[in-house]
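# Chain and residue survey
Here's the letter readout for the chains.
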Amino acid sequence: MASSADEFEASAACLIGKTRPRFFYIADHAVYRLWKNKLAFIPEDSVFFMDACEKNKSLGTVEKIIAFLIGKNACRNDILVCVGGGTVTDTGGFAASVYMRGIRYVNIPTTLLAQADASVGGKTGVNFGGYKNMIGTITQPSLVFIVPEFLNTLPPVDYRSGFSELVKTALIQDKDLYGSIVSEVSACGNDIRSVGIGKFVAAAVKIKLSVAGSDPTEKGRRKILNFGHTYGHALEEHILSEGGRIAHGDAVSIGMAAAIRISMESGCMETEDTERVISELSGMGLYTECPVPLTSLKHYIAHDKKTHADGIDFVVLLAPGRAECRRISLEELDDLAARVQSGYGKRHGKPVRSNALAGFVQNDMAGGMDK
Ligand SMILES: NC(=O)c1ccc[n+]([C@@H]2O[C@H](COP(=O)([O-])OP(=O)(O)OC[C@H]3O[C@@H](n4cnc5c(N)ncnc54)[C@H](O)[C@@H]3O)[C@@H](O)[C@H]2O)c1
């Protein structure tokens, strides 16, 4: 990173092609404290600090960011730099996209999830009414600076969470990449942290940019990037509504496993592939079992952004590296989920326990979402 504001801002302005913009920053407070030396180029009087959690990914925070920008007389030529994980880049990107009908923004992602996924592609947004990302825009960042070194301080849960989104990207689009991830994790004794992550982040970003770039407004192919997110988001919303927390990527890996099993139940995926992929996901330390019955999440699924009058756009996996989006009715999806659920009982020799959620629910209400 740059050693001074002048150095950073001059090169960013040059890359963006803007003359004399002013830069304002929104930064994850925890990251700023941990990386004060590396982030010393951020002038303290130009930064809005945010505590990264789903509760703060809200319109309330956006209002505060906008008030901060107004207080600084930020104008349409100015640039907002978002430093943090997906919570900060989603919220900051959204604030930038609506402030004065849109100013430019730059992402400096500091989590694996944000580096491999959230900071690119242009989806910005906040949660609303207990539902994830209900309000948002698709607005591309002008620049994304990926600095792998930030990952050194990432807690294990957030590392696993990001790894899960990275695996998702490979699984839907690139069989060879998926295979390399699986073999490298296995060669590292199933320790995802020992895997040389840089090349996988670069590959995931390339895929995301190509898929999202071919369909920026998500009318077609881009929908496959939502693989695992139907049940993933529903589970996340359910757990957050109970005042608990689950890392986004953990919810997504559970959602991917559900989608893979639903793909098999609906005849899209071979049983052998299904079992192998689920076992590989779990071998990499990713969660694959839903702590609540999938059918109990249907209320959230009915409010999913992918739901239409005649059904939901559900992403099925045909085989590793090949995904497809299909419109299916909510009744059919629920029926498939019930069949997967009965398989869960068989796999575990017992029905899902109602307190299986306990592992994810903590007493810290700060993690929940406002309803
Ligand atoms: N826009 C998109 O395309 C997209 C894609 C996937 C996910 N998302 C969104 O991203 C969000 C999740 O993002 P996330 O997983 O990055 O979570 P996050 O931003 O909430 O960060 C997770 C935790 O890691 C900490 N942290 C961040 N960087 C750190 C570092 N370098 N060292 C130590 N700690 C660090 C944060 O303080 C926080 O406690 C969700 O809201 C999800 O909906 C968006």
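Residues numbered from 1 in each chain as written. Predicted model: local features only at pLDDT ≥ 70, side-chain atom pairs only at ≥ 80, totals over all residues.

### A look at the site of the ligand
Close to the ligand lie 30 residues; Gly85, Gly86, Thr87, Thr111 and Ala118 are nearest. Sorting the residues of the shell around the ligand by element identifies α2 (29–34), α4 (86–98), α5 (112–118), β6 (131–138) and α6 (156–173) as the ones contributing at least two each. Residues of the shell around the ligand, tallied by class, amount to 10 nonpolar, 11 polar and nine charged. When residues of the shell around the ligand are sorted by domain, at least three fall in each of domain 1 (5–152) and domain 2 (157–367). (Near = placed C-beta within 6 Å. Helix = DSSP H or I, 4+ residues; strand = E, 2+ residues; numbered from the N terminus. Nonpolar A, V, L, I, M, F, W, Y, C, P; charged D, E, K, R; others polar. Domains from an automatic or database assignment.)

### Quick notes on the confidence of the model for the protein chain
Here the protein chain shows a mean pLDDT of 92. Residues at 70 or above account for 92%. Within the model, pLDDT remains below 50 along residues 349–358, and this stretch shows 11 contacts once partners closer than five positions in the same chain are excluded. The low-confidence segment residues 361–367 (pLDDT under 50) makes 17 contacts with residues lying over four places distant or belonging to another chain. (pLDDT = per-residue confidence, 0-100. Contact = placed C-beta atoms within 7 Å.)

### What to know about the pairing of β6
Here strand β5 (residues 123–128) pairs with β6 via five bridges, running antiparallel. Across the sheet, residue Val126 finds its bridge partner in β6, namely Ile135. Linking β5 back to β6 in an antiparallel pair, the connection comprises two residues, with Gly129 at a positive phi of about 60°. (Pairing = 2+ DSSP bridges.)

### A look at the domain arrangement of the protein chain
When the domains of the protein chain are assigned, the result is domain 1 (5–152) and domain 2 (157–367). Computed over C-alpha atoms, the centres of domain 1 and domain 2 are 27 Å apart. When residues of the side of domain 1 that touches domain 2 are traced back to their parent elements, those giving at least two are α5 and β6. Looking at the side of domain 1 that touches domain 2 element by element, the count peaks at five residues for α5. Of the residues belonging to the side of domain 1 that touches domain 2, the class tally is 10 nonpolar, six polar and four charged.

### Focus on the pairing of strand β3 (residues 79–84)
Counting buried positions over the six residues of β3 gives six, a clear majority of the element. On β3, burial covers both faces: Ile79, Val81 and Val83 on one face and Leu80, Cys82 and Gly84 on the other are all buried. Relative to β3, strand β1 (residues 23–28) runs parallel, the two being bridged by five bridges. Counterpart to Phe24 in the pairing with β3 is Leu80. One ladder, built from six bridges, connects β3 with strand β4 (residues 104–109); its direction is parallel. Considered in β4, the bridge of Ile79 is made with Arg104. Once the chain exits β3 it traverses α4 before rejoining the sheet at β4, and the crossover so formed is right-handed. (Buried ≥ 20, exposed ≤ 12 C-beta atoms within 10 Å, placed from the backbone. Right-handed = clockwise from strand over helix to strand, strands pointing away.)

### Overview of the sheet that holds strand β10 (residues 322–328)
As a general point, the strands of a sheet are linked pairwise by backbone hydrogen bonds and lie either parallel or antiparallel. In space, the three strands of this open sheet follow the order β8-β9-β10, with antiparallel pairing throughout. The two strands at the open ends of the sheet, each matched to only one other strand, are β8 (307–308) and β10. Taken together, the seven bridges between strand β9 (residues 311–319) and β10 define a ladder with antiparallel strand orientation. Looking across to β10, one finds that Val316 is bridged to Glu324.

### Let's talk about helix α11 (residues 271–283)
Compared with an ideal rise of 1.5 Å per residue, which puts 13 residues at 18 Å, α11 spans 18 Å between its outermost C-alpha atoms and is within 8% of the ideal. Thr274, Val277, Glu280 and Leu281 are the residues of α11 that are buried. Down the axis of α11, the sector holding all buried residues measures 135°, keeping them to one side. Exposed residues lying more than 90 degrees from the buried face of α11 are Thr271, Glu272 and Ser279. Those residues of α11 hidden inside the fold are in contact with α6, α7 (175–187) and α10 (248–265). (Expected span 1.5 Å × (residues − 1). Arc of directions from axis to C-beta.)

### A closer look at the nonpolar core
Grouped together as the largest cluster of nonpolar side chains are 108 residues, with contacts concentrated most on Leu80 and Ala259. Looking at which element gives the most residues to this core, the answer is α10, with 10 residues. Split by domain, the residues of this core number at least three in each of domain 1 (5–152) and domain 2 (157–367). Ignoring sequence-local partners within four residues, the contact set of Leu80 consists of Phe24, Ile26, Gly92, Ala95, Ala96, Ile103 and Tyr105. (Core = buried A, V, L, I, M, F, W, Y, C linked by C-beta atoms within 7 Å.)

### Observations concerning the sheet that holds β3
One open sheet holds the five strands; their spatial order is β2-β1-β3-β4-β7, and the pairing between them is parallel. Sheet topology places β2 (47–50) and β7 (143–144) at the edges, where each strand pairs with a single neighbour. Lying over the sheet, α4 contacts β1, β2, β3 and β4, oriented at roughly 165° with respect to β3. (Axes fitted to C-alpha atoms, helices over the stretch in contact; angles between N-to-C directions.)

### Considerations on unusual backbone geometry
What you tend to see is this: most non-glycine residues have negative phi, and most peptide bonds are trans. In this model, Met100 sits at a positive phi of 50°, which is unusual for a non-glycine residue. The residue Met100 is located in the loop between α4 and β4 in this model. Phi is positive for Asn190, which is not a glycine, with a value near 60°. Assignment of secondary structure puts Asn190 in the loop between α7 and α8 (197–214). On the basis of neighbour count, Asn190 is assigned to the partly exposed category, with 13 C-beta atoms found within 10 Å.

### Structural notes on α8
Between its terminal C-alpha atoms α8 stretches 26 Å, which fits the 26 Å expected from 18 residues at 1.5 Å a residue. Within the sequence span of α8, burial applies to Ile197, Phe200, Ala203, Ala204, Val205, Ile207, Lys208 and Ala212. The inward-facing, buried residues of α8 abut α5, α6 and α7.

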